[in-house]
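Here is how the chains run, residue by residue.
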Amino acid sequence: MNKLFLFLLLLISATAPAQIVTPGIQSDLRLPVVFPDGNSGHCVFLYSNRRASGSFLCQTVQLDTRGQVSQQNPVQELPVIGGDKSFERLCAASDENGYHVYFRGESVNIYEVSTDRNTLKSTLRLLYAIPEEEEIIGGMELADKALILSRERISKKECRLHVYTRGGQGLERKTFDRLPEYFAGKRYEPLLVRKDADLWPDKATNPDKIFADNGKLYLVQDKNPNVFSSSKPIFKMTVIDLTSGSVSYKEVPYPSPGEYNQDSGGGYIYENKLFQVYYDQSRFGLKVSDLTDGSTLFDKSISGEDTLTLLRSQVNFPGFLTNRKIKTADKLIRKMGPLSPFVYVKKSQGELLIGLGGFAQESYGGGGPIPGAGPGAGPGFSAIGYSYEVSTSFYTIMQADARALSDRRLDETIFTKINDSNLPDKGMFIQMNGVSTYVYFRKPVLESESKSVIFVKFTGY
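Below, the structure is looked at part by part. Once a new chain begins, its residue numbering starts again from 1 and follows that chain's sequence as written. Only residues with pLDDT of at least 70 are given local features in this predicted model, and only at 80 or more are side-chain atom pairs given and counted; all residues enter the totals for whole chains, interfaces and linings. Values reported for side chains reflect all heavy atoms of the structure, with hydrogen atoms and water molecules removed beforehand.

**Brief notes about a positive patch on the surface**
Consideration 1: Exposure above 30% relative accessible area and the lack of any salt bridge qualify a residue for a patch; like charges then connect within 9 Å, and the nonpolar side chains Val, Leu, Ile, Met, Phe, Trp and Tyr within 5 Å. Only the protein chains shown count as cover for residues, and all accessible areas are computed by the Shrake-Rupley method using a 1.4 Å probe. Whenever a carboxyl oxygen of Asp or Glu lies within 4 Å of a side-chain nitrogen of Lys or Arg, that contact is scored as a salt bridge. Positive charges come from Lys and Arg alone, negative charges from Asp and Glu alone, with His and the N- and C-terminal ends not counted. For this purpose, a charge sits on NZ of Lys, CZ of Arg, CG of Asp or CD of Glu. Together, Arg153, Lys156, Lys186 and Arg187 make up a positively charged patch on the protein surface.
Consideration 2: To qualify as a helix, a DSSP run of H or I must reach at least 4 residues; to qualify as a strand, a run of E must reach at least 2; elements of each kind are numbered from the N terminus. With respect to the element layout, arginine 153 can be found in strand S12 (residues 145-153).
Consideration 3: To sort residues, take the accessible area from a 1.4 Å probe on protein chains only and compare it with the maximum for the residue type: under 20% means buried, over 50% means exposed, and anything in between is partly exposed. With relative accessibility at 36%, the residue arginine 153 sits in the partly exposed group.

**Brief notes about the sheet that holds strand S8 (residues 98-105)**
Consideration 1: Within the open sheet, the four strands sit side by side as S7-S8-S9-S10. Their pairing is antiparallel. The strands lining the two open edges of the sheet, one partner per strand, are strand S7 (87-95) and strand S10 (122-129). With direction set aside, neighbouring strand axes in the sheet form an average angle of 25°.
Consideration 2: One ladder, built from eight bridges, connects S7 with S8; its direction is antiparallel. Its bridge partner lying in S8, serine 94 is registered against tyrosine 99. Paired strands are those between which DSSP finds at least two bridges. The convention used is that axes are lines fitted to C-alpha atoms, helices contributing only their stretch in contact, and that angles between N-to-C directions extend from 0 to 180 degrees.

**Points about helix H3 (residues 329-336)**
Consideration 1: When H3 is considered as a whole, its buried residues turn out to be Ala329, Leu332, Ile333 and Met336. End-on, the buried residues of H3 take up no more than an arc of 95°, which puts them together on one face. By definition, the arc is the one covered by directions from the helix axis to the C-beta atoms.

**Concerning empty space enclosed by the protein**
Consideration 1: Throughout, the protein atoms alone are placed on a 1 Å grid, and a set of points is a cavity if a 1.4 Å probe fits but cannot get out or a pocket if it is open with protein on both sides within 12 Å along at least five of seven lines; lining residues have an atom within 4 Å of a point. Grid points are joined across faces, edges and corners, and a volume is the space filled by probe spheres set on the points. Applying the stated rule across the entire model yields one cavity of 30 Å³ or more.
Consideration 2: Quantified by volume, the largest cavity comes out at close to 80 Å³.
Consideration 3: Mapped onto the lining of the largest cavity, the elements with two or more residues apiece are strand S16 (208-213) and strand S20 (267-270).
Consideration 4: Three residue categories are used. Nonpolar comprises Ala, Val, Leu, Ile, Met, Phe, Trp, Tyr, Cys and Pro, charged comprises Asp, Glu, Lys and Arg, and polar comprises the others, including Gly. Broken down by class, the residue content of the lining of the largest cavity amounts to six nonpolar, no polar and five charged.

Spelled out as structure tokens, the structure:
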């Protein structure tokens, strides 16, 4: 058994330095919460989704600045008062007193687990019962505050947004109305975007997103149709100022009306800037605008036989058995045509690392799968047919003010490295000491082994 464990460890270490944490919680373990701490590294909060003997199970682990375990506390059993038996994590925040993680129970109860910064001892508190007429959208982090968002539908076209924050007596609520009609849609399932997040292509193409930055919430509906249709792509946002309580609306067209055929998301808000990737039958480009005054900071496109000077990584598309490398703008545009475009932005080594690419999912009524998926693609089967995903991702890198490209290059995307390393795609990305770290659970190969939490660092990303 030890030899097998050593072999697996060496296999992962050959791709990237990895830190392995063996938690005391072994049943129904969930992906951890990681709090950055400038003095000692990171505090890792592990928890179980279900109660055991009437208690919520949690465990804290301290990592030093090198990412090595310096302290691992025993599992704590925190009594549950609200009667819930399972929990959904919403968001987390830290302050001078410690670390706080917020959960929704299976009912409408909101719980807070607080961990002391010095002792790493945790307590659980029932904070609030959300009114039954409200639908919890999810939770977000804004600076050192945790936000819990809920929607109250008034009619098919009207709704209110409630924003809950931690107060002295529990949760405090602010209510905002005059929201756009699409926000009241029955099946509104926005992507809640965390700052400095690496987004998987299938998530990144969600046209409805919520961003939190600079004391504001941005409710976005990004209608950037794809190639071969006549709809004009446009980026719509509702801006909610959490300090003043004001609600405003903006519409930002894409640089080219294009000729497109399906709705998709190609815009991203980061540090009060709007990043828009666009293409039509002749051009592929990236535009960056300042949200304060609407000025254009950067706008560059490529076309025809232009080399991919806009990009700072290789461009590979799934092909038959092998990936096809793209070197000219014309081929890039033709390959991107059937795909929904996406863009996401994060800070990396003092610059802006901008992930670009496209994603599509095709469904078929019968037959067999198409071979040669490539990175980010694969077939899924059902009783009457199957679906097929195709995606590609690549990078450009900009200076911190987003006015010019950087000279730095990354030959591969982080998703390519994850696929090449045979790491599972059920993990998540976190930032640890400025490095993108991929976190996932590894189930034991043998019954006598324990579950492990693996942290794989990807420097340069």
